[in-house]
Every structure is written in structure tokens, then in C-alpha cells.
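# Descriptive structure summary
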Amino acid sequence: MSTARIAFVDHAPFVGGAETVLLDLIGHLDRSRFDPIVFLPARSPLVRHLDARGVPWRNLPMPRINVRSPTALLRWRRASSELARLARDCGVDLVHSNTVRAHLASAFVRDVPVVWMLHDDTFPHWLFRRLRRRPARLIANSYTTASTYNLEGDPRACVVHNGVDTQAEPGTRYRFRRRIGIGSDKVLVAHVGRLVRWKGQHLFIRAAARVAGEHPQAHFALVGTYTEGDDSPGVPSALLRAGLSGGAAYHAELQRLAQSAGLGSRLTFAGHQDNIADVYAGIDLLVHASTRPEPFGRVLIEAMAAGLPVIASAQGGPTEIVEDGITGLLVTPGSSQALAEALTKLLADASRRAEMGVAARRLAIERFDIRTQVARIESIYLDILANRARVADAKRG
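Here we summarise the structure given alongside this text. The structure displayed is predicted, hence computed values, not measured ones.

## Looking at the packing of helix 1 (residues 17-28) against helix 16 (residues 370-396)
Taken N-terminus to C-terminus, the directions of helix 1 and helix 16 make an angle of 75 degrees; their axes are 10 Å apart at the nearest point. Taken together, the axes of helix 1 and helix 16 lie roughly perpendicular to each other. Side by side, helix 1 and helix 16 meet where Val 21, Asp 24, Leu 25 and His 28 of the first sit next to Ile 370, Arg 371, Gln 373, Val 374, Ile 377, Glu 378 and Tyr 381 of the second. For the contact of helix 1 with helix 16, the class distribution of residues is six nonpolar, two polar and three charged.

## Looking at the packing of aromatic side chains
Note on aromatic pairs: each is described by the distance of the centres and the angle between the planes. Tallied over the full model, the rule gives seven aromatic pairs. Note on Phe 204 and Phe 220: the rings are 6.1 Å apart at their centroids and 75 degrees apart in plane angle, and the pair reads as edge-to-face. With a gap of 16 residues between them, Phe 204 in helix 8 (residues 201-212) and Phe 220 in strand 9 (residues 218-223) connect regions that are remote in the sequence. Taking the centre distance of 6.3 Å and the plane angle of 70 degrees together, the rings of Phe 296 and Phe 368 count as edge-to-face. In this pair, Phe 296 sits in the loop between strand 11 (285-288) and helix 12 (298-305) while Phe 368 sits in the loop between helix 15 (350-367) and helix 16, placing the two residues 72 residues apart along the sequence. Under the relative-accessibility criterion, Phe 368 is labelled buried at 0%.

## Considerations on the sheet that holds strand 8 (residues 187-192)
Strands sit in the order 10-9-8-11-12-13 across an open sheet of six strands; the sheet is parallel. Either end of the sheet is taken by a strand with one partner, and the two such strands are strand 10 (267-271) and strand 13 (328-331). Shown here is a sheet whose adjacent strand axes are inclined to one another by a mean of 20 degrees, direction ignored. Relative to strand 13, strand 12 (residues 310-313) runs parallel, the two being bridged by four bridges. What sits directly across from Ala 312, in strand 13, is Leu 330. In this fold helix 10 (residues 247-260) packs onto strand 9 and strand 10, with an angle of close to 160 degrees to the strand it touches most, strand 10. Strand contacts of helix 12: strand 8, strand 11 and strand 12, with the helix running at about 170 degrees to strand 11, the strand carrying the most contacts.

## A few points about the nonpolar core
Among the nonpolar cores identified, the biggest contains 37 residues, and Val 9, Phe 39, Val 92, Trp 116, Phe 123, Phe 128 and Leu 151 are the most heavily contacted of them. Contributing elements (two or more residues each) for this core: strand 1 (4-9), strand 2 (34-40), helix 3 (72-89), helix 4 (100-106), strand 5 (114-118), helix 5 (125-131), strand 6 (137-140) and strand 7 (157-159). Top contributing element to this core by residue count: helix 3, with six residues. In contact with Leu 151, not counting residues within four places along its chain, are Leu 118, Phe 128, Arg 132, Leu 138, Ala 140, Ala 146 and Ala 157. In this structure, Ala 207, Val 211, Ala 212 and Leu 285 belong to the second largest nonpolar core, which totals 32 residues.

## Focus: the sheet that holds strand 4 (residues 94-97)
Taken in spatial order, the seven strands line up as 3-2-1-4-5-6-7 in an open sheet, and their pairing is parallel. Each of the sheet's edge strands pairs with one partner strand only, and the pair in question is strand 3 (57-59) and strand 7. The mean inter-strand angle of the sheet, taken between neighbouring strand axes irrespective of direction, is 25 degrees. Note that strand 5 and strand 6 share four bridges and pair parallel. When the bridges of strand 6 are listed, Val 115 appears paired with Arg 137. Together, strand 1, strand 2, strand 4, strand 5, strand 6 and strand 7 form the strand contacts of helix 16, whose direction differs from that of strand 6 by roughly 175 degrees.

Criteria and thresholds
Residues numbered from 1 in each chain as written. Predicted model: local features only at pLDDT ≥ 70, side-chain atom pairs only at ≥ 80, totals over all residues. Heavy atoms only, no water. Axes fitted to C-alpha atoms, helices over the stretch in contact; angles between N-to-C directions. Helix = DSSP H or I, 4+ residues; strand = E, 2+ residues; numbered from the N terminus. Parallel < 35°, antiparallel > 145°, perpendicular 65-115°, else oblique. Contact = heavy atoms within 4.5 Å. Nonpolar A, V, L, I, M, F, W, Y, C, P; charged D, E, K, R; others polar. Phe/Tyr/Trp six-rings, centres within 6.5 Å; stacked < 30°, edge-to-face > 60°. Buried < 20%, exposed > 50% of the residue type's maximum accessible area, 1.4 Å probe, protein only. Pairing = 2+ DSSP bridges. Core = buried A, V, L, I, M, F, W, Y, C linked by side-chain atoms within 4.5 Å.

Laid out in C-alpha cells, this is it:
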């Protein structure tokens with residue numbers, strides 16, 4: 001079989017979890033069988049990552065999702081026509097759509113088969129129901145995401161959990177600690193994630209304040225930053241009510257909360273860290289405190305692959321990742337008290353943390369290695385392309 005050209009489509013206003021998954025997938029594709037190219041807006045921050053990896057890309061402008069606008073359908077038809085033109089010009093055999101805007105742009109492409117990768121629950125459900133028959137296959141990153149879109153029983157749908165490179169070079173334990181001024185004698189607990197309210201950083205701070213006095217050796221860190229515009233007037237009120245906004249206002253709120261809780265120097269706002277491997281190597285425990293169901297929870301498998309025990313909210317994707325009491329602890333969502341109780345258990349028991357860390361890495365290798373994820377997705381590509389070839393042969397015959 002000749003090499004198949006796969007066009008990955010992503011609108012990427014920032015490099016988040018979906019884009020990290022995309023980069024990992026492209027990086028581990030079997031290049032003897034698949035030739036990747038990416039279609040995305042030229043202003044996307046993902047471009048520099050593609051250039052650094054030598055992955056070709058082409059500019060594909062995509063409008064905002066304002067589906068109720070009178071001109072929305074026309075604008076999306078234009079984006080779809082441009083996508084189809086790029087696919088023809090670049091000799092694309094299959095389109096892999098990676099974000100909701102990309103799904104809308106690919107929904108009207110007919111010349112090549114399309115795969116939708118569903119990473120979260122942000123696709124308007126009424127619109128998804130109208131368009132779900134258009135892609136050849138639907139891949140959800142978790143059973144939680146699949147359930148969100150009622151994919152159970154759809155023969156074109158499947159679940160492929162995200163993966164991480166469990167064979168990657170580990171980080172250096174003291175590099176991150178030196179960067180934030182934390183000595184080797186401290187037990188370092190971190191929350192890793194973009195600063196948005198539903199990620200639960202405020203719960204992490206409240207829980208830290210509850211346990212700080214009882215565990216003087218513990219230090220706490222918030223790793224991550226906010227995206228400009230998360231708190232802008234243009235953020236829909238529905239998102240504000242759902243706790244999906246963040247931005248500078250939420251960052252300032254967290255700083256005030258830490259000050260009023262009396263954490264002082266016990267809590268570090270570490271901001272964005274370019275080398276996340278050093279972060280995982282430098283900490284002793286990861287907390288994931290989402291207040292609403294996380295579609296997957298990639299930071300959990302990253303931390304587990306680094307041999308860390310984890311504490312996570314008992315809802316959504318984390319329940320498919322964490323084995324409660326074995327690789328970490330699952331806690332009541334939205335409860336800083338439950339989170340504090342879990343922290344107390346693990347901060348008081350270094351041997352249990354170590355045992356959980358070993359079990360966590362073993363589980364990450366067995367179930368969440370990137371090679372397993374990529375092999376499954378490659379098999380989907382091959383199945384679609386083989387079926388397309390059979391249909392073409394039948395038409396010629």
C-alpha cells in the first residue's frame with residue numbers, strides 16, 4: 001500500500017490538551033504508511049510547534065462558532081469549500097478533524113473521508129445531532145465524552161483513550177524545585193492546568209490551607225497560566241455561569257484567596273512551565289480538582305507515567321484513569337474538605353505515596369502508552385481507506 005496523506009485540521013487559539021494530543025499523534029505516526037499535513041489558521045500558536053517538528057501546514061481560516069448568525073452557514077460553507085480545495089491540492093486521502101471548528105469546516109467535505117476526534121463536550125449538541133452522520137468515523141477520547149454525545153451503539157464510533165510517551169526521558173527532579181525556590185526537604189504538591197474556574201484551583205488553595213498547619217513539610221504549587229480573553233466581555237454568559245471562564249480576573253481572585261487563607265510562602269504560583277517533565281520529576285503528588293466532569297484528564301496520565309500518585313475528582317474521565325486506593329485517590333467533586341482529607345492521608349504516609357506511584361506508572365504503561373493510542377487510530381485510518389478502495393473498485397467494475 002502506498003503512503004496515505006492525512007490532513008489534520010485544528011483551529012487552535014491556544015495550544016491546549018487537544019493540540020498536545022495532536023502533536024503526539026503526528027510525532028508517532030508510522031511515516032512509512034502515513035504522511036501528515038496540518039490545515040489551520042496561520043495565526044495559530046500551534047504553527048511554531050509544527051515548524052519546530054518539520055511538519056508541513058497550510059493556512060485554513062475558520063470563522064467563530066456563531067451558528068445562529070444569519071450568515072453563519074454561508075461562512076462555514078466557504079470554510080468547507082476551502083478545506084476541500086486544500087485537500088485536493090495537497091493530495092489528501094483522509095481528513096482528521098481535531099476541534100469543534102474543524103468539525104464544522106469538514107462537515108460538508110465530500111471528496112475524501114473525514115474522521116472526527118472528540119476531545120470535550122463543547123460541540124453544541126443540537127448541531128452535533130444534525131451533523132453526526134457526515135464523518136466516516138467518530139473517535140471519543142473517553143467513555144465520558146462518548147456518553148456526552150450519545151455515541152453508544154453507533155457502529156461508526158469508538159473510544160480511544162489519550163496516550164503519553166511512557167518511554168520519554170524523565171525530567172530532572174531538582175530543576176523545577178530550584179526554579180521556584182523549594183528545597184529537597186519539602187513534600188511538593190502541585191495542581192497542573194490552565195487557570196479556569198472549573199479546573200478547581202480555588203478548591204486546591206482552600207484544601208491546602210486546611211492541611212498546611214498539620215503538615216509543615218508540605219509546599220503547594222499552581223502550575224499553569226490563563227489565556228487572554230477568558231474573562232473578556234465577549235465570553236458568553238452561559239460559559240460564565242458554567243464556570244468555564246478564567247483569565248486575569250480568576251488569577252487575581254486566586255492570589256487574593258491564597259493571601260486571605262494565610263498560605264503566604266507555602267503556595268507558589270509557578271505559571272507556565274515549558275518543561276513539564278521537570279515539573280512531574282520535581283513534585284511528590286499531583287492534584288486534579290475539576291468541579292465539572294473532565295472529558296479525559298491528560299495531566300493525570302502524564303503524572304502517572306512519571307511515577308506519581310494522584311488525587312482527582314470522582315467524575316468524568318478521571319474515573320476511567322485513576323484506580324481509587326491503588327494509583328491514587330478519587331474525591332467528591334467540588335469539596336475542598338474531601339480534597340483536604342485525601343491530602344492529609346497521603347501527606348502523612350510517604351510509603352503509601354511511593355506504592356501508589358509505582359502502581360500508577362505500571363498502569364500508565366499498560367493502558368495509556370502513546371504507541372497503543374496511535375496504533376488504534378492508524379487501524380481506523382487503514383480500515384476507512386480500505387473500505388474507500390473497495391467502493392471505488394466496485395464502481396469501476
